[in-house]
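Now for the letters of each chain:
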Amino acid sequence: MSVATRNGTPPVDAPVAPPRVVRQRRVRPGLLGLAVLLIALGGLGSAFAVTSVRATGSYLAVARTVEVGSVVSADDLVSVQVAGGQGLDPVPAGQLADVVGMRAAVSLAPGTLLTMAQLTDDPLLGPGQQQFALGLKAAQVPAPKLRPGDEVLLVSTPSNDSNGTSSGATRFTATVTDAVSTDGRDEVVVYLALAVRDVPAVVALAAQDRIAVVLTRAA
């Protein structure tokens, strides 16, 4: 390129500016994939939130500790609002009347949702066992409170007409299924699971008031 000059000076070659190159931005495939993934996760989160809101309802929760084998009462339970709860299968609050009176198959802890798998209608009797009710005075109970699942030993005591002679005491193993204090009386009714073969002898000893109860293992 020549540039003309004044006063007859010959043209002078001027430097030529290089052309501008416009660089195009390259889109990284990794960033594009990450953006798509975030959008998909956002959609899944929204869908989960909608599902949880739709599943909100009133369910039964444990209000206080219920020992294994104890009968569930209305005071043991409370109605709570729960969103979601998928996989837990909690008992709806509307089924309160259906679960009251059932027994706890496991120990129920306060603040947990109640499920039907934690309850049972079956008595705490094993195969080959029968239930026996034994009335004891408060001083004869071997613990401040007997609980379902406690293992006890029933020991025969000498009869009144033994004339000072004593024979070997008879022992029977049993499991407590329940214990109830009678109102206004200093007596506790203990319900025991006994082997069928031991029931006749224990009944005979109980009729003679010749049974002592020893706690061998607490539940």
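All values derive from a computational prediction rather than experimental measurement.

**Here's the deal with the sheet that holds strand β8 (residues 151–156)**
In step 1: Spatial ordering of the open sheet is given by β7-β10-β9-β8-β11, a layout of five strands whose pairing is antiparallel. For this open sheet the edge positions go to β7 (129–137) and β11 (211–217), each flanked by a neighbour on one side alone. The average angle at which neighbouring strand axes cross in this sheet is 40°, direction not considered.
In step 2: This element, helix α3 (residues 199–207), spans β7, β8, β9 (171–181), β10 (187–195) and β11 of the sheet and lies at about 15° to β7.

**Digging into the side chain of Asp-76**
In step 1: Along the chain, Asp-76 falls in the loop between β3 (57–62) and β4 (77–82).
In step 2: Reaching out from Asp-76, the side chain makes a polar contact with the side chain of Arg-64 at a distance of 2.5 Å.
In step 3: Contacts of Asp-76, omitting those with residues within four sequence positions, involve Ala-61, Val-62, Ala-63, Arg-64, Val-66 and Val-71.

**Observations regarding the confidence of the model for the chain**
In step 1: The pLDDT averaged across the chain works out to 78; a share of 68% of its residues lies at or above 70.
In step 2: With pLDDT under 50 throughout, residues 46–54 is counted as low confidence; its partners more than four residues away or in other chains account for three contacts.

**Focus: α3**
Every α-helix winds through 3.6 residues per turn, so residues three or four apart in the chain are directed the same way.
In step 1: If you check which residues of α3 are buried, you get Val-199, Val-202 and Leu-205. All buried residues of α3 fall inside an arc of 130° around its axis, so they share one side. Facing away from the buried side of α3 by more than 90 degrees, the exposed set consists of Pro-200 and Ala-207.
In step 2: Along its buried surface, α3 packs onto β7, β8, β9, β10 and β11.
In step 3: Just downstream of α3, Asp-209 is the residue with a positive phi angle, here 55°.

**Quick notes on the nonpolar core**
In step 1: The biggest cluster of nonpolar side chains holds 20 residues, and the ones touching the most others in it are Leu-134, Leu-154 and Leu-192.
In step 2: Of all elements in the fold, only β7, β8, β9, β10, α3 and β11 reach the threshold of two or more residues within this core.
In step 3: Aside from chain neighbours lying at most four places away, what touches Leu-154 is Leu-134, Thr-170, Arg-171, Phe-172, Ala-174, Leu-192, Leu-194, Val-202, Ile-211, Ala-212 and Val-213.
In step 4: Of all hydrophobic cores here, the second largest spans 12 residues; its members include Val-66, Val-99, Met-102 and Leu-114.

**Points about the pattern of salt bridges**
In step 1: Within this structure, the stated rule accounts for four salt bridges.
In step 2: The residue Arg-64 makes a salt bridge to Asp-76 at a minimum N-O spacing of 2.5 Å. Taken together, the positions of Arg-64 in the loop between β3 and β4 and Asp-76 in the loop between β3 and β4 put the pair 12 residues apart, joining distant regions of the chain.
In step 3: Asp-76 sits in the buried class, given a relative accessible area of 7%.
In step 4: A salt bridge links Asp-198 to Arg-197, with the shortest nitrogen-to-oxygen separation between them at 4.0 Å.
In step 5: The class for Asp-198 is buried, based on a relative accessible area of 13%.

**Looking at unusual backbone geometry**
In step 1: Even without being a glycine, Asp-209 presents a positive backbone phi close to 55°.
In step 2: Turning to its location among the elements, Asp-209 is positioned in the loop between α3 and β11.
In step 3: A residue is classified by how much of its surface remains accessible, and Asp-209, at 56% relative accessible area, is exposed.

Definitions and cut-offs
- One numbering rule holds for all chains: residues counted from 1, following each sequence as written.
- Local features in this predicted model are restricted to residues of pLDDT 70 or higher, and side-chain atom pairs are both shown and tallied only at a pLDDT of 80 or more, whereas totals for entire chains, interfaces and linings draw on every residue.
- Hydrogens and water molecules were not included; the side-chain quantities draw on all heavy atoms of the structure.
- One bridge is not enough; two strands pair if DSSP finds at least two bridges between them.
- Helix and strand definitions follow DSSP, with helices as H or I runs of at least four residues and strands as E runs of at least two, each counted in order from the N terminus.
- An axis is simply a line fitted to the C-alpha atoms; with a helix, the fit covers only the stretch in contact. Between two such axes, the angle follows the N-to-C directions and lies from 0 to 180 degrees.
- Contacts between residues were defined by any pair of non-hydrogen atoms, one from each residue, lying within 4.5 Å.
- For the purposes of these results, a polar contact is taken to be a pair of N or O atoms within 3.5 Å, where, inside protein, one atom must be able to donate a hydrogen and its partner to accept one; residues adjacent in sequence count only when each atom of the pair is a side-chain atom.
- Known as pLDDT, the predictor's per-residue confidence is scaled from 0 to 100.
- When accessible area is computed with a 1.4 Å probe and restricted to protein chains, residues below 20% of their type maximum are described as buried, those above 50% as exposed, and intermediate ones as partly exposed.
- This arc is built from the directions going out from the helix axis to the C-beta atoms.
- Here, nonpolar core refers to any group of buried Ala, Val, Leu, Ile, Met, Phe, Trp, Tyr and Cys residues whose side-chain atoms link them within 4.5 Å.
- Any carboxyl oxygen of Asp or Glu within 4 Å of a side-chain nitrogen of Lys or Arg constitutes a salt bridge here.

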